[in-house]
Amino acid sequence: MKNGGSKEIEPLAAIYGGNVKKARNNGIPALVALLGASLLFTGCKSAPDLTAAQAQALIQASYDQSPPVGAAITVSDLGMQQGVTAKYWDRSKAYPNHYWADFKLTPEGKKAVTLAGGGDTIEWRPDSPEDKNFSIVVTAIATNHLKARDVQDPQDVVGGTKTAVFSEAVSLDGVPAPLQDIAHNPGNQLSTKKTATFVLDGGAWKLQSIT
């Protein structure tokens, strides 16, 4: 208060200085948090897309890195008849029961297939003359990589991974036409449903596993 009885109006900061300063100080952490969150969201990049075509390319690349193999082909009674017609094998021995027989691979047959047990003799041993379920397995000489086909759109799963269902198919490229016909008979499975799992690695999608 000045002389003369007049009152001096004190600045607002002087009257409420402690509270104003406190309010200012309380606002600083909130501002820092806001700026930090903004920077966090600005610096955060979303995962890149993974299309079905990209997934197929990753799966096929994995298959192509594995050694090529010959297709395993189940040969039933019908297939045996087709093989005789194609001159892949000839009957070399008949048995008294009239439904057992041995078949020898011909030179043409040896160019087309190998036998599961090795050698060049197919031992045909059905349980009875009516047994149409008996079969043997031959392996095509022509070798190929497995093929990834009908890849579905990848789906998000837990842990930031993606999965895609597809068909793992046996390739018959280079296999002679008569043997391909045998491979398409009932009892053969030329494709299987599989699931591929993908993970992010250095910002890019990578094939993790196939099950």
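Please refer to the structure higher up on the page.
Everything numeric here is computed off the predicted structure, so don't read it as measured data. (Residues numbered from 1 in each chain as written. Predicted model: local features only at pLDDT ≥ 70, side-chain atom pairs only at ≥ 80, totals over all residues. Heavy atoms only, no water.)

Peer 1: Looking at this model, I keep getting lost on the sheet that holds strand 1 (residues 69-75). Mind explaining?
Peer 2: To summarise the sheet geometry, strands pair through backbone hydrogen bonds and adopt either a parallel or an antiparallel arrangement. Pairing is antiparallel in the open sheet, where three strands are placed in the order 1-6-4. The open sheet has two free edges, formed respectively by strand 1 and strand 4 (113-115), since each of these has just one partner strand. Pairs of neighbouring strands in the sheet enclose a mean axial angle of 35 degrees, with direction left out of account. In terms of strand pairing, strand 4 meets strand 6 (residues 136-144) through three bridges, oriented antiparallel. Paired with threonine 114 across the two strands is threonine 139, which belongs to strand 6. (Pairing = 2+ DSSP bridges. Helix = DSSP H or I, 4+ residues; strand = E, 2+ residues; numbered from the N terminus. Axes fitted to C-alpha atoms, helices over the stretch in contact; angles between N-to-C directions.)

Peer 1: It is not clear to me how the nonpolar core should be interpreted in this structure. Could you clarify?
Peer 2: Generally speaking, a soluble globular protein has its nonpolar side chains buried in company with each other. Counting residues in each nonpolar core, the largest one holds 23 residues, and the members touching the most others are Ile73, Trp89, Ile122 and Leu179. Residue assignment for this core shows that the elements contributing at least two residues are strand 1, strand 3 (101-105), strand 4, strand 5 (121-124), strand 6 and helix 6 (177-183). Excluding residues within four positions of it along the chain, isoleucine 73 makes contact with Ile136, Val137, Val138, Ala140, Leu179, Ile182, Ala183 and Asn188. Listed in part, the 12 residues of the second largest apolar core include Ala55, Ile59, Trp205 and Leu207. (Core = buried A, V, L, I, M, F, W, Y, C linked by side-chain atoms within 4.5 Å. Buried < 20%, exposed > 50% of the residue type's maximum accessible area, 1.4 Å probe, protein only. Contact = heavy atoms within 4.5 Å.)

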